[in-house]
Structures are given as C-alpha cells and as structure tokens.
Amino acid sequence: MMKMNISKTKYLWILTLALGITLVSCEDDDTDETPPTQNDPELITDLILNFTDPDTGDSFEYRFSDSDGPGGDPPSIDDIILSQPVGYQVSITVQDASDPDDIEDITEEIEEEANEHQFFLLVENGAGDVLDIDYDPTDVDLNGDPVGLHSFWVTSGETTGNESVRIVLRHEPDKTAPGAAQGELSEEVGGETDIEVEFNLTIE
Amino acid sequence: MLCAFACIKPSLGQSPCDLSISGRVMDSETGEPLSFAGVFIVENKLGVQADSAGFFRIKSICPGSYTLRITHIGCLPEKFEIRLDSSLNRDFFLSHDDHVLEEFVVVDEGKENYALAPIGIKPAELELVKGNQLADQTANLPGVNTLKTGTNISKPVFRGLHSNRLIILNNGIRQEGQYWGSEHAPEIDSYVVNEMSFVEGVDALEHASDALGGVLIASPPDIFKSDKLNGSFFSSFSSNGRGGSVSGSIAGRVSEKLPLYFRFQGSLKKLGWIKTSDSFLRNTGTEEVNYSYALGWKNDVFDVEVFYSRFNQEIGIYRYSHLGNLTDLLEVLSGREQPDTLGFSYEIERPFQDIDHELFKTRLGIKLDSESSLSFTYARQFNARREYDIHGRNRDEEIIPELYYVLTTHSGQAVWKSTKGNNNLRVGASALFRVNNFRGRGFMPNYRNQNIGFFAVNVNAFGLWKLKYGARFDRYSADVFEPVGSEDAPESFVFGNVAAAVAAQREIENGDWTLSLSTLWRPPAINEQFSQGLHHGVSAIEQGNPDLERERSWTASYTFRKVFNRNTFLGSAYVNYINGFIFPKPTDIELTIRGAFPRFDYSQNDALYWGLDLMYTSQLAEAFSANLKTSLVWASNLSNGTYFINIPAHRFSGSLRYQLEDAGVFKTPFVELNIEYTMRQYRAPVVFPYEAVLEGEAVLPESFDFAPAPDGYFLTGLRAGCRVKRFSISLQAENLFNTTYRNYMNRFRYYADEPGINLTARINYKF
C-alpha cells in the first residue's frame, strides 16, 4: 500500500513536470521573434573606382551598379575613359546601395578584414600594352601583404577598342601564391570570389 | 503465377468458408523468424505450427472476426484480433519482452491486411540503422533514394520525386518546414520514429492532394501499447566523424485505476568532421538536442493524446562548397586543389545552419458505436531556420544569420470512419494555416497560406477482390507580402481543384496484385513563384515565376506480391505523367557584381516518370537468407526531350545473411554481407559549355549540369549482431574497402568525395 503511494507520487511528479514543459514551451514560442524584414547583410551592389590626377587635382569616378542585386534588372557599368600619358591614384569603394536612403559603405569591412581580402586589378584584351597598374605599397594588411584598395594606374598609349580592366575581390586568398603580391591572379591564389566586374577601357 | 490468374473465381460465387490466413511469425525486436511458433484460432480451435522459417498457413476459414493466439518458446503468448473478409497474408510479430503482458493488438481492418499494408520498415529493422539520418533510414525500401547536400543533409526521394512533391507525415501531422530546397532536410528526430512507410494513390488522399511523389509516414510507438513501465536506451557510435548519438525513453501507464499513459524521450547527437577515403571534409560536424513527450488517456469511448516534440540542430556546411562565382566553380571542377584538410575537428564554423522545430499535437478519438468513430486533430508547428554564410557580419558581438526564416503552421483535421460489413468508409475535412517570415537576404518573400480540404475514401471488399476509391477537394490560397506585395496590398493567389484515385486489388494464393490509378494536383509553391537571388553553393541565380499554374499528375501503378515456399517476391511498375511539371529551367546568363551566372527561371513543361521496383527474398537454407533488390527510374521532359537533373541512377543491391547458433549468453547472433552497385546516370543533362557560353558564342542548353555524372561504384558493407539478455548489440561497417566515389544524388558531388570507411557500434537496451 505504502509502496503504491510512493510510485503514484512519482508519477504525479512526472505529470506535473510534463505539463510544466508544455506550458513553458508554448509560451516561449508564442512570444517568439517573428523576424522583421531587413536587408541582406551581405549584399554588395556598387563598386566605385575613384580616380585622382595628382598633377591637376582632378578627381572623378567610374561605377558598376546593380542596385536590385543579382537577378532582376541588369547592372549599369560605366566605361572607363582616361587620358595619356598620366599617372592616376585610384581607390576602390564598395557599397550596398540597395536602399538609396541608407547607403552602406562596405569598404570599411574589407579594411577591417584586410588579411582575408585582396583585390586583383587585371588589365585584359591588350590593355596591358597601354596601362600599367601597381598596388600602392603603403596599402598592406597586418602581414605586409597587399589589399589592393589603393593603386597607381599609369597610361602610356591609346586604346584600340577591345581593352578592358577586370576587378576581382577574393576572400581568403593565398596571398603568398606566386605573383599574388604583384597582383597576378593565378589558380594557386584560390579562395572565393566576392566581386568580379569588368569595365571597358578607353584611353585617349 | 499464370495459374493464380487462371484460378480467379467469380467472387460472388465463392463458397464462404474457403478463406485462409497465412504469413510469417517474427520477433518484434530483432525481426528474426520464430521457428515452429504455434498459431491457433481461438474461436474455432484450428491450429498449426509454423515451419522452421516461421511460415504458416491455416485454410478453410469462414469470414468473420477471430482471435489469433500465437505462441513461441521464450515469448509470452500474444493475441491478435483479425477481421477476415478475404484471405489474409501478413506478418505477425511476437515480443520477447518478458515485461509485456499478454495483450490484444487490435488490427484495423482494411489497413493492416497484408495486401494493403504499405511498403515500410518495421521497428526491428529500424533499430539496426538508428542514429542515421531519417531519410537514410528509409533508403533500403524499394523505390526510395535520398537526395543529399554534403554529408549531413539528406532527404527522401520516392520514385524520382522529392521536396515539394513528397509529403512527410510526422506522427500523423504534415511536416512543415523550409523543405523545398535540397539543402533542407526534414527536421525530425529519427529516434522518435518507430516505424516508417510510403503510401501513394488512394492511401495518400486522406493526407494530401499535393503528394505527387507519395507520403512518407513516420510514426512513433503507440502510446497505449503497454500498461507496464517500459523504456529503451539506444546508442550509436561511429568511427567516421568520431561521434554518435544516444537516446532514451520511458513509457507506461500512470496507475492501474487511471487509464493515463505517458512517454518521455530525448536524444543527443554529436559528430565531427567526416573523412572521405583520404582526407577530412572541413566543417562537416553536426550537433542535435531533441526531446519529446506524449500523454494519452482512454476509456471505452474516448481517447485523447497530446504530443510535443522539440528538435534543435546545428549543421556545419562543407567549407569548400561555398564558392563566389562560376569561375571559382570552374577552377574546382578542373581539379583545383582544396587547402589541406588532413586534421580532424568537432568545430562548427561558418557556413552553418541552426534549426529549431517544434511540434505540438493533440488528438481526440470518439468511438460512436461498434461500427464508427470520429477523430479530431489539431497541431501547431514552429520552424525557425537560420543560415549563416561563410563570411557574414557580426553586429554588436552577436552573430547574425544571413538567411532567417520563421514558419508557423496551424493545422486541423476531422475524420469520420465507418466499417459496415465489407465496407470501410472514411470522410474528413482538413484546414491548414501557414505564416512565413524572413529576415536577412530576401530569397523568399513573407507569405501566408490557407488550405481547406475535404475527402472521402471507401474500401469495398468482396471475395478475393478489394476495391478502393476516393476523392479529395482542396482550396489553396496565398497572400504574398514584402518584398513582392505589402501588408496592405499583398499579391494574392487562389487555386482549387480535385484529386481522385481508384485501386483494384485481387488476392491470389499467398499473395496479391494491385492496380492503382490516381490523379493529384499541386499549386505552385511560394519558392517556385517568388524565390529570387543567388544560390551560393550551386553558382546559379534562381528566379521565381508568379504566373505558374497548378501541376497535375496522372499515375498508374501495378504491384504484385507473392510468397512461394521460402521465397517472397515483390514487383511494382509505374508510370507518372505530370502535366505542367514545375522546375527551374536555364534561361540566360546574367551579369552580377560577382561575375556572370546562369539564370534558372521556374517554368512548366510536361514530364514523364516511369520505373520498376523489384525485391526478392529467399530463405536459402535453415540459417541462410538472401535478399535482392533494385529500383529503376527514368524521367523525361516531354516538351523538349531533355533530361531532368538529380534523377536517381539505377541501383542494384544484394545481401546475404547467416544466422549462427546461440552461444551461451549470446542469443541469435548473425552476420550479414551487403553489396550495392550504383550505375552512372547515363540519362543526365549535358555539361554546361562554360567557355563558349561565357564568350557569348554558344546558345544556352535547354537543360544542363555543371559537371558530368560521376562513374558507377560498388559498395560493400558488413553487419553482425546478437542479443545478450535485454541488450542488443550490433557492429556495422559501411564502405568496407574505403572506396573513393562520388554520388550523383549528392549536390556536393562537384566539390567532394563521399565518406570513406565507417564503423558503427550500436548498443540498445530495452525493458
């Protein structure tokens, strides 16, 4: 008789516990976060090349812009038009401009994580004959490896029509891969592509 | 077989007392046949003894209700209530469990009959694969395959169809999660599940109209199963991943006076990085914490059940599957070496997924009279899925998911069942309400769904024939909010349509055949209408299409089963024509800030799926048994003659099992060898012509894949086990020869090999 009572009490405890869990659980979730809509924290829409001619003090910019992100409307891409022979200082700005009232500068984040990022500025389709691009030697990460946000572009002739410049941002590249320090993008560099845009180049 | 067809007698002219009961007696724990079990019909005192392989047959029985008493040395006798309208052939399971008292297992007529019993996995078979992912546990069933994303995400594929087209019924409730993508696995603790089966055609109508690929029914143990305190402990430890899982449960009846039953259950899982044949796959660990409980109360008229389960999972996604753009993918496919992954770790780093799923269910059953009953079910599900990209941004020290969905679903169902003579009728209504919200990347918009359905299913038995037919009407509506519409002015859609099915089934000597015809329909899912954006892992832009119409299937299937001597044969052939089949179709090359990507738009074409499922089991000798199995499926896009991607390649498997003599405390020891051959999918889409297309020189193919289908492969496995008192112990070796291979049905086949050798030890205890 006594024994039975004990086991009954035990069961009652289990039961109480179970009901407790039900109530707690349900309450938990009824007040649960229904997440409010918010922008993609990783979206990049714009890449801007800011040119400065140190001799004249002139500055201007060329832009790749896809404000609705991947898909939807096609992006708008400026043609780069430069003079020669001139040495330009070029800096890169990256933005999330999907909301025109709240443009977010992503360049800072790349600077913060400079060790894990590198821009490659590639002269293509014969552009190498008339344009030389070098990293700004002061633009380095904590290990002294280039980041590529700042560079020098030196023009030395006129373009003939097909020339282009490709800008690639790699995440977690192997910065010690052969040629990487000089801005050469080989397969050994690896990592993954965060940005890859191509601008038509005209040098007059 | 010819004779069987030739011997069909007009059913009405059949003399009433020539029915038979046949089948096999097996141990419910181990699935072992119980040789020389005694089978006895209490009412008319007819009895036989099963043979050494557990097979028996009792002839010349009149239609009616009977109690079958089955005895075996070492088991307590058990009674089974059966209703005999036509000859019955089914398996009977006896429990070796000395705690379970003699109990009545009420067999629901029209459902448990061998011929109508769906293809499924019994608890005993499930025990041998405990600890595996839910979908992988079903992979041994005929017609079933899995679609994987890496090593930790796996979802079931039935006869070539999956995701939106395959409904999973978890504890009687339609599983509601973000299950539409291949990287979303069903959020169910596999340790809760005690039994699984697939149903289609008429049997699926009661559950859904949109289950074009069938319904997977995953059921927990019956809460009213036993009056005694009982419980179990399962554990599984694997060498690959250096981890495993444990689960415990306890169940029983509160007191003899009070018909209140309970069950508590919980499980934990932890696995580290998985190793291929030669290297570790970085960031492929997984962690799970799950628990559930159930309470039940019943008397002669009412039964009430409450069930609650919570699932929490964190899954690491293979680090090098996350690529920036098509150039990266091309480099990987051309053999770019991934950084060294020789070390092992348990760490789960970015990218990873964190998933919570909660199910609350309550059910009320009312027995109206001896012939009819009513049941009401209400369920609420809550699914939160957080996906973290490879390099997200952490705000204020808080890790913020890049993709965050919260899906809340309420569903209810009322069913009236009536059994009058040879007629079994089910009529019901169901309603479902779904709210989805997102945060982060707007791949899917916010939306609300309502679905109302009405169904009626009837089963008529006369003589050797059984006719099943049913129909279902559903009205589905969707309101789509940001960023497509707004809270005040949502984009709204309404679809309404009818699904119907009919099946004729004929008993033959020791078997049956079934011919089934059905037509089901499915409204376009929200992701098919409105998904928009970049899929990082697959280097593709996906674009929904709001103008999609419903898709409709027309299915015919024929199933034949027969037991002859010690052999069991099962064969199914099916044809599934789908009008307006919705799928992502390559349409364009699109330029983004990450470079160029192929764009897939959801489109509709007509599709044809057809196939064969064959299974043959033979008791070769006293201690030897063999099993041969194959599932073949073909699929074509009828509109342009191309192939669909991710259609399972042909697979053939065989196993040989040897039952050893008991040795001391080691009871029923066995050894089993499994060999499986998977062919190369030779009906795969063409390979994407990268260079040409990116240079603008080639037309985009109408269907393509990024890489050719991997070669075929052989896999060998070994299993051994035995019982010691209440413990059951088993050892399993998978991919015994550490074969290097890639699986066409794994989305990560572009990046990584499949796991290498894996040794798993399972120790289970039941009381």
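Residues numbered from 1 in each chain as written. Chains lettered and ligands numbered in written order. Predicted model: local features only at pLDDT ≥ 70, side-chain atom pairs only at ≥ 80, totals over all residues. Heavy atoms only, no water.

K.L.:
Give me the lowdown on the overall build of chain A, citing residues and values where you can.
P.N.:
Assigned secondary structure in chain A consists of 2 helices and 11 strands. The buried share among the 204 residues of chain A stands at 47%. Taking the intrachain contacts of chain A between residues at least 6 apart in sequence as the baseline, contacts between residues at least 24 apart amount to 66%. Of the roughly 10400 Å² of accessible surface on chain A, a fraction of 50% belongs to carbon and sulfur atoms. (Helix = DSSP H or I, 4+ residues; strand = E, 2+ residues; numbered from the N terminus. Buried < 20%, exposed > 50% of the residue type's maximum accessible area, 1.4 Å probe, protein only. Contact = heavy atoms within 4.5 Å. Areas by Shrake-Rupley, 256 points an atom, 1.4 Å probe, with all protein chains shown as cover.)

K.L.:
Account for the overall build of chain B, naming residues and giving values.
P.N.:
For chain B, the helix and strand inventory stands at 7 helices and 43 strands. Taking 767 residues into account, the globule formula puts the C-alpha radius of gyration at 27 Å, and chain B, at 26 Å, falls close to it. C-alpha extents for chain B along the principal axes are approximately 80 × 60 × 55 Å. For chain B, with 767 residues in total, the buried portion stands at 60%. The contacts in chain B between residues at least 6 apart in sequence include a share of 66% that link residues at least 24 apart. Summed over its atoms, the accessible surface of chain B is roughly 29500 Å², and 57% of this surface lies on carbon and sulfur atoms. Of the charged side chains in chain B, 76 are positive and 89 negative, and the gap between their average positions amounts to 5 Å. (Rg over C-alpha atoms; globule rule 2.2 N^0.38 Å. Lys, Arg positive; Asp, Glu negative; His and termini not counted. Charge placed at Lys NZ, Arg CZ, Asp CG, Glu CD.)

K.L.:
Please give an account of the sheet that holds strand 4 (residues 55-61) of chain B that cites residues and values.
P.N.:
All names here are of chain B. Pairing is mixed across the open sheet formed by 3 strands, whose spatial order is 4-1-7. With one partner strand each, in any of the chains shown, strand 4 and strand 7 (88-94) form the two edges of the open sheet. Sheet twist, expressed as the mean angle between neighbouring strand axes with direction ignored, is 25 degrees. (Pairing = 2+ DSSP bridges. Axes fitted to C-alpha atoms, helices over the stretch in contact; angles between N-to-C directions.)

K.L.:
Help me get a handle on the side chain of Gln133 of chain B, residues and values and all.
P.N.:
All names here are of chain B. By the element assignment, Gln133 lies in the loop between helix 2 (123-127) and helix 3 (134-138). In this structure the side chain of Gln133 is engaged in a polar contact, spanning 3.4 Å, whose partner is the backbone oxygen of Asn152. At 3.2 Å, the side chain of Gln133 forms a polar contact with the backbone nitrogen of Ser154. Ignoring anything within four residues of it in the chain, the contact list for Gln133 reads Thr151, Asn152, Ile153, Ser154 and Lys269. (Polar contact = N/O pair within 3.5 Å; in protein donor to acceptor, adjacent residues only side chain to side chain.)

K.L.:
Explain the sheet that holds strand 4 (residues 80-82) of chain A to me, using residue names and the numbers behind them.
P.N.:
Residue and element names in this part refer to chain A. Spatially, 4 strands are ordered 4-11-10-7 in an open sheet, and the strand pairing comes out mixed. Only two strands of the sheet have a single partner each, and these edge strands are strand 4 and strand 7 (117-124). Strand-to-strand twist across the sheet, computed as the mean angle between neighbouring axes with direction ignored, equals 25 degrees. Where strand 10 (residues 164-171) lies against strand 11 (residues 192-203), 8 bridges are found, and the strand directions are antiparallel. From the neighbouring strand, Ile167 faces strand 11, where its bridge partner is Val197.

K.L.:
I'd like to hear about the confidence of the model for chain A, residue by residue, with values.
P.N.:
Residues and elements named next belong to chain A. In this model, chain A carries an average pLDDT of 82, and 79% of its residues clear a pLDDT of 70 or more. Contacts of residues 1-6 to residues separated by more than four positions or lying in other chains number 0 contacts, the stretch itself having pLDDT below 50. With pLDDT under 50 throughout, residues 23-38 is counted as low confidence; its partners more than four residues away or in other chains account for 27 contacts. (pLDDT = per-residue confidence, 0-100.)

K.L.:
Break down the pattern of salt bridges for me, with residues and values.
P.N.:
Two side chains with opposite charge may pair up if their charged atoms get near one another. All names here are of chain B. Scanning the model with the defined rule gives 40 salt bridges over all chains in all. Measuring nitrogen to oxygen at the nearest pair gives 3.3 Å for the salt bridge that ties Asp136 to Lys148. Note that Asp136 is positioned in helix 3 and Lys148 in strand 10 (residues 144-149), a separation of 12 residues in sequence. Under the relative-accessibility criterion, Lys148 is labelled buried at 17%. A salt bridge links Glu590 to Arg599, with the nearest nitrogen and oxygen atoms 3.2 Å apart. Of the residues examined, Glu590 reaches a relative accessible area of 9% and is grouped as buried. In this structure, a network of salt bridges that share partners links the residues Arg165, Arg522, Glu528 and Glu551. (Salt bridge = Lys/Arg side-chain N within 4 Å of Asp/Glu carboxyl O.)

K.L.:
Which residues make up the packing of aromatic side chains, and what values go with them?
P.N.:
Residue and element names in this part refer to chain B. Enumeration over the complete set of coordinates arrives at 42 aromatic pairs over all chains. Ring geometry for Tyr318 versus Tyr320: centroids 5.9 Å apart, planes at 80 degrees, classification edge-to-face. Like Tyr318, the residue Tyr320 is buried in the burial classification. Where Phe727 meets Tyr765, the ring centres are 4.7 Å apart and the plane angle is 50 degrees; that geometry is what we call tilted. Taken together, the residues span a long stretch of sequence, with Phe727 in strand 42 (residues 727-734) and Tyr765 in strand 43 (residues 758-766) at a distance of 38 residues. By relative accessible area, which is 37% here, Phe727 ends up partly exposed. Residue Tyr765 is classed as partly exposed on the basis of its relative accessible area, which comes to 27%. Each residue in the set Phe600, Phe688, Phe704, Phe706, Phe748, Tyr750 and Tyr751 is aromatic and connected to the rest through ring pairs, giving one cluster. The aromatic ring of Phe234 is capped on one face by Lys130, whose charged end is 5.2 Å from the ring centroid. Note that Arg242 overlies the ring of Phe344, its terminal NZ or CZ placed 4.2 Å from the centroid. (Phe/Tyr/Trp six-rings, centres within 6.5 Å; stacked < 30°, edge-to-face > 60°. Lys NZ or Arg CZ within 6 Å of the ring centre and 35° of its normal.)

K.L.:
Give a description of a negative patch on the surface that names residues and reports values.
P.N.:
Residue and element names in this part refer to chain A. A contiguous patch of negative charge, built from Asp105, Glu108, Glu111, Glu112, Glu113 and Glu116, is present on the exposed surface. With 3 residues, helix 2 (residues 107-112) is the single largest residue contributor to the negative patch. The topology assignment puts Glu116 in the loop between helix 2 and strand 7. For Glu116, a relative accessible area of 32% puts it in the partly exposed group. (Patch = residues over 30% accessible without salt bridge, like charges linked within 9 Å, V, L, I, M, F, W, Y side chains within 5 Å.)

K.L.:
Which residues make up the pairing of strand 1 (residues 46-52) of chain A, and what are the values?
P.N.:
Residues and elements named next belong to chain A. Of all 7 residues making up strand 1, 6 are buried, and the element is well covered by its neighbours. Summarising the sheet, strand 1 and strand 5 (residues 87-96) pair through 7 bridges and their orientation is antiparallel. For Phe51, the partnering residue across the bridge sits in strand 5 and is Val90. Pairing between strand 1 and strand 2 (residues 59-65): 7 bridges, direction antiparallel. The partner of Thr52 across the bridge, within strand 2, is Ser59. The antiparallel pairing of strand 1 with strand 2 creates a hairpin that spans 6 residues between the two strands, and Gly57 there sits at a positive phi of about 80 degrees.

K.L.:
Describe a nonpolar patch on the surface, and please don't skip the residues or the numbers.
P.N.:
Residues and elements named next belong to chain B. A cluster of nonpolar side chains, contributed by Leu620, Phe624, Leu656, Tyr658, Leu660, Val671, Leu673, Ile675, Phe714 and Leu718, occupies part of the molecular surface with about 830 Å² of accessible area. Only strand 37 (651-659), strand 38 (666-678) and strand 41 (713-724) provide two or more residues apiece to the nonpolar patch. Counting residues per element, the nonpolar patch draws most heavily on strand 38, which supplies 3 residues. Within the secondary structure layout, Val671 lies in strand 38.

K.L.:
Describe the confidence of the model for chain B, naming the residues involved and giving the relevant values.
P.N.:
All names here are of chain B. For chain B, per-residue confidence averages 86 on the pLDDT scale, and residues scoring 70 or more make up 91% of the total. Counted against residues more than four places away or in other chains, residues 1-15, with its pLDDT under 50, gives 16 contacts. Across the assembled chains, the prediction reports ipTM 0.79 with pTM 0.83.

K.L.:
Just give me the short version of the side chain of Arg170 of chain A, but keep the residues and values in it.
P.N.:
Residue and element names in this part refer to chain A. Structurally, Arg170 is set in strand 10. Only 2.8 Å separates the side chain of Arg170 from the backbone oxygen of Gly190, close enough to count as a polar contact. A distance of 3.1 Å separates polar atoms of two side chains, one belonging to Arg170 and the other to Thr193.

K.L.:
Lay out the nonpolar core with the relevant residues and their values.
P.N.:
One recurring pattern in soluble globular proteins is that nonpolar side chains are buried together. Membership of the largest hydrophobic core comes to 41 residues, with the highest contact counts inside it found for Leu47, Leu49, Trp153 and Ile167 of chain A. Breaking this core down by element, the ones donating at least two residues are strand 1, strand 2, strand 4, strand 5, strand 7, strand 8 (131-135), strand 10 and strand 11 of chain A. Examining the composition of this core, we find that 5 residues originate from one element, strand 11 of chain A, more than from any other. Residues Leu161, Val415, Ala499 and Ile578 of chain B belong to the second largest nonpolar core, which totals 37 residues. (Core = buried A, V, L, I, M, F, W, Y, C linked by side-chain atoms within 4.5 Å.)

K.L.:
Quick one: what's the story with the environment of Thr286 of chain B, residue by residue and with numbers?
P.N.:
All names here are of chain B. Note on placement: Thr286 falls in strand 19 (residues 286-298). Under the relative-accessibility criterion, Thr286 is labelled buried at 3%. Those residues in contact with Thr286, other than ones at most four positions away along the chain, are Asn152, Lys269, Lys270, Leu271, Gln313, Glu314, Ile315 and Ile348. From its side chain, Thr286 meets the backbone oxygen of Glu314 in a polar contact 3.3 Å long.

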